[in-house]
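Structural overview for review
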Amino acid sequence: MATVGEGPDGPAAPIPPPQEQFVPFATPEEPADRRLPVRDPESPRRVTLLELFFDLVYVVALALISRGLITDLSWERAFQSLLLLMAIWWTWAITTLVTDLYDPQRPEIKLLIAAVMFGALMMTTAIPEAFGARGLVFAGTYVGIHLGRGLFLMPAVRRHPETQRRAIRIFLWFAVSAVPWVIGGLLAHGRAREALWALALGIDYLGFRLAYPVPGLGVVPEAQRKVTAEHLSERYQQFFIIALGDSILTIGTMFSLRHSEAENVASFAIAFASTLLLWRVYVHKSGELLPHAISRAKQPGKFLLTAPYTHLVMVSGVVTTAAGFDLVLHEPVGHTPPAWAAVILGGPAMFLAGRAAFEYEVFSRVSLSRPGGILALLTIAPAALFVAPVYCSAGAMLVLAGVAYADYRRSRGRPPEDPSPPH
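Just so it is clear, the structure is predicted and the values come from calculations on it, not from any experiment. (Residues numbered from 1 in each chain as written. Predicted model: local features only at pLDDT ≥ 70, side-chain atom pairs only at ≥ 80, totals over all residues. Heavy atoms only, no water.)

On to the side chain of Thr250. Checked against the element boundaries, Thr250 lands in helix 7 (residues 229–253). Judged by its relative accessible area of 1%, Thr250 falls in the buried class. Sequence-distant contacts of Thr250, that is, excluding residues within four places in its chain, are made with Ala322, Phe325, Asp326 and Leu329. (Helix = DSSP H or I, 4+ residues; strand = E, 2+ residues; numbered from the N terminus. Buried < 20%, exposed > 50% of the residue type's maximum accessible area, 1.4 Å probe, protein only. Contact = heavy atoms within 4.5 Å.)

For the coordinates displayed, the defined rule picks out 23 aromatic pairs. On the numbers, 6.4 Å between centres and 70° between planes, the contact of Trp173 with Tyr212 is edge-to-face. A residue pair is termed long-range when its members are at least 10 positions apart, and Trp173 in helix 5 (residues 161–186) and Tyr212 in the loop between helix 6 (190–209) and helix 7 qualify at 39 residues. With relative accessibility at 17%, the residue Trp173 sits in the buried group. Its relative accessible area of 5% is what places Tyr212 among the buried residues. Both rings, one in Phe240 and one in Tyr282, keep their centres 4.0 Å apart while their planes meet at 15°; by these two values the pair is stacked. Within this pair, whereas Phe240 is found in helix 7, its partner Tyr282 is found in helix 8 (residues 261–296), the two being separated by 42 residues in sequence. (Phe/Tyr/Trp six-rings, centres within 6.5 Å; stacked < 30°, edge-to-face > 60°.)

Right, let's get into empty space enclosed by the protein. Applying the stated criterion to the full structure yields 3 cavities of 30 Å³ or more. Of the voids in this model, the second largest cavity is the one considered here, and its volume is about 50 Å³. Contributing to the lining of the second largest cavity are Ser274, Thr321, Gly324, Phe325, Ile344, Pro348, Ser393, Ala396 and Leu400. For the lining of the second largest cavity, the secondary-structure elements that each account for two or more residues are helix 9 (300–330), helix 10 (338–363) and helix 12 (389–411). For the lining of the second largest cavity, a count of residues per class yields 5 nonpolar, 4 polar and no charged. (1 Å grid on protein atoms, 1.4 Å probe; cavity = no way out; pocket = protein on both sides within 12 Å on 5 of 7 lines; lining within 4 Å. Points joined across faces, edges and corners; volume = space filled by probe spheres on them. Nonpolar A, V, L, I, M, F, W, Y, C, P; charged D, E, K, R; others polar.)

A separate point is the layout of surface pockets. What the largest pocket holds in volume is close to 450 Å³. Leu69, Trp75, Ala78, Thr320 and Met350 are, among the 21 residues lining the largest pocket, the residues nearest its centre. It is helix 10 that contributes the most residues to the lining of the largest pocket, 7 residues altogether. For the lining of the largest pocket, the class distribution of residues is 14 nonpolar, 7 polar and no charged.

This paragraph deals with the environment of Pro308. Inspection of the secondary structure puts Pro308 in helix 9. C-alpha of Pro308 to C-alpha of Trp89: the two residues are 219 residues apart in sequence and 8.6 Å apart in space.

Residues other than glycine seldom take positive phi values, yet Ala211 does so here, at roughly 65°. Position of Ala211 among the secondary structure elements: in the loop between helix 6 and helix 7. The phi dihedral of Tyr212 is positive, around 55°, even though this residue is not glycine.

Topologically, Trp279 is positioned in helix 8. When its relative accessible area of 37% is taken as the criterion, Trp279 is described as partly exposed. Between the C-alpha atom of Trp279 and that of Leu244, which follows or precedes it by 35 residues, the distance is 7.5 Å. Leaving out residues up to four positions away in the same chain, Trp279 has contacts with Phe240, Ile241 and Leu244.

Right, let's get into helix 11 (residues 369–384). For helix 11, which comprises 16 residues, the first-to-last C-alpha distance of 21 Å matches the rise-based estimate of 22 Å (1.5 Å per residue) to within 8%. Listing the buried residues of helix 11 in full gives Ser369, Arg370, Gly373, Leu377 and Ala384. In an axial view of helix 11, the angular spread of the buried residues amounts to 95°, which keeps them on one side of the axis. The exposed set on the far side of helix 11, more than 90 degrees from its buried face, consists of Leu375, Leu378 and Thr379. (Expected span 1.5 Å × (residues − 1). Arc of directions from axis to C-beta.)

Relative orientation of the contacting elements helix 1 (residues 49–69) and helix 3 (residues 107–126) amounts to 10°, with a least axis distance of 10 Å. One element, helix 1, and the other, helix 3, form an angle in the roughly parallel class. For the pair helix 1 and helix 3, contact is made by Leu50, Phe53, Phe54, Val57, Tyr58, Val60, Ala61 and Leu64 and by Lys110, Ile113, Val116, Met117, Ala120, Leu121 and Thr124, respectively. Along the lines of polarity and charge, the residues of the contact of helix 1 with helix 3 split into 13 nonpolar, 1 polar and 1 charged. (Axes fitted to C-alpha atoms, helices over the stretch in contact; angles between N-to-C directions. Parallel < 35°, antiparallel > 145°, perpendicular 65-115°, else oblique.)

Two side chains of opposite charge can pair, provided their charged atoms sit close to one another. Here the structure, examined in full by the defined rule, presents 8 salt bridges. Taken together, the shared-partner salt bridges connect Glu359, Arg365, Arg370, Asp407 and Arg410 into one network. (Salt bridge = Lys/Arg side-chain N within 4 Å of Asp/Glu carboxyl O.)

Below, the discussion takes up the nonpolar core. One finds Tyr58, Trp89, Trp90, Phe138, Tyr142, Trp181 and Phe351 to be the most contacted residues of the largest nonpolar core, which totals 104 residues. If you tally residues by element for this core, the top one is helix 2 (residues 75–101), at 13 residues. In this structure Phe138 touches Leu84, Ala87, Met123, Ala126, Ile127, Ala130, Trp181 and Trp197, once residues within four positions along its chain are discounted. (Core = buried A, V, L, I, M, F, W, Y, C linked by side-chain atoms within 4.5 Å.)

Structure follows, in structure tokens:
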């Protein structure tokens, strides 16, 4: 054993050899290529440029889904569009969690993000024919993204058993859902494919909600469900902006010249104002205080288990609203068919439903303006069948304006409200 030296009373006490401790994060003495790619708790969690670049794929994906919804407007088409949106959303949501848990500055994680981006773009190209000739491309790529991520991460974190077991749990659940995904894309058609893919998505979403329980391994421990308020909230906010970008893209590219200038300008102005109101209602209080709500929650992991679902509902509402803009901008006059009214009014109603759940996540309450707005949209629905689409769209805009004004009145002159997420 080593000794410090001679002291006044004789040799100094021997120094025991240092005990080796496993540190999963980077240390100055450890070679860079041997460090685990997990996040350092002390490192900044701002969104990287690569993550923003990754998001570009979803601008195209949401635009194709919203336009595909009105190609053959029916309940079946709406259900198919929902399945496609859920699949696209899940590739983004899980990748966002990966970049929250693992260091996106590491070369291997950058490579993983780029690979997922390639796969998401491949899925996007298959969206128009996902329930036709390109079903296997869509399903196979979805399965490849999730299974490939697991196969990449499991050996990368082999020196950290708990992290590896988390990756194994997630991989096994996606392996189970891969069966109906591939069978649906390869052998099934029509409603059979819809049923199989709905089953597969149910497995994927349920597994996440249950924290991926696996016999012999249990669920993902609470300690491994910690999220970073700054990073995760910013990512959800950014995806909502991407969804609003679908509305802006529709407004800018679907402007019709077949009608009078007054009708064109009115439709354009209503669509733009509605998009602005969607943004305003989202960011008011809950959207602004989201990172504080996550950080103040006694169990931030609970937010992790609910936020993907509430934001999916809001994004679905925005995508449906964009499809309604497409209808109105092309045909602002004439009577409004029932299916058109369902899209034009249903989009804002779906957004408000998701927004109510989002508000509960942040404040443990729901403002009356949210269900009130949904009730108002249901009330004007029968009358919408007897007016032109532009007036139906104007009615939806006025409801959103009423919700935004109620938010303004409730908070005007009052001190900022502290978030109080549910326990």
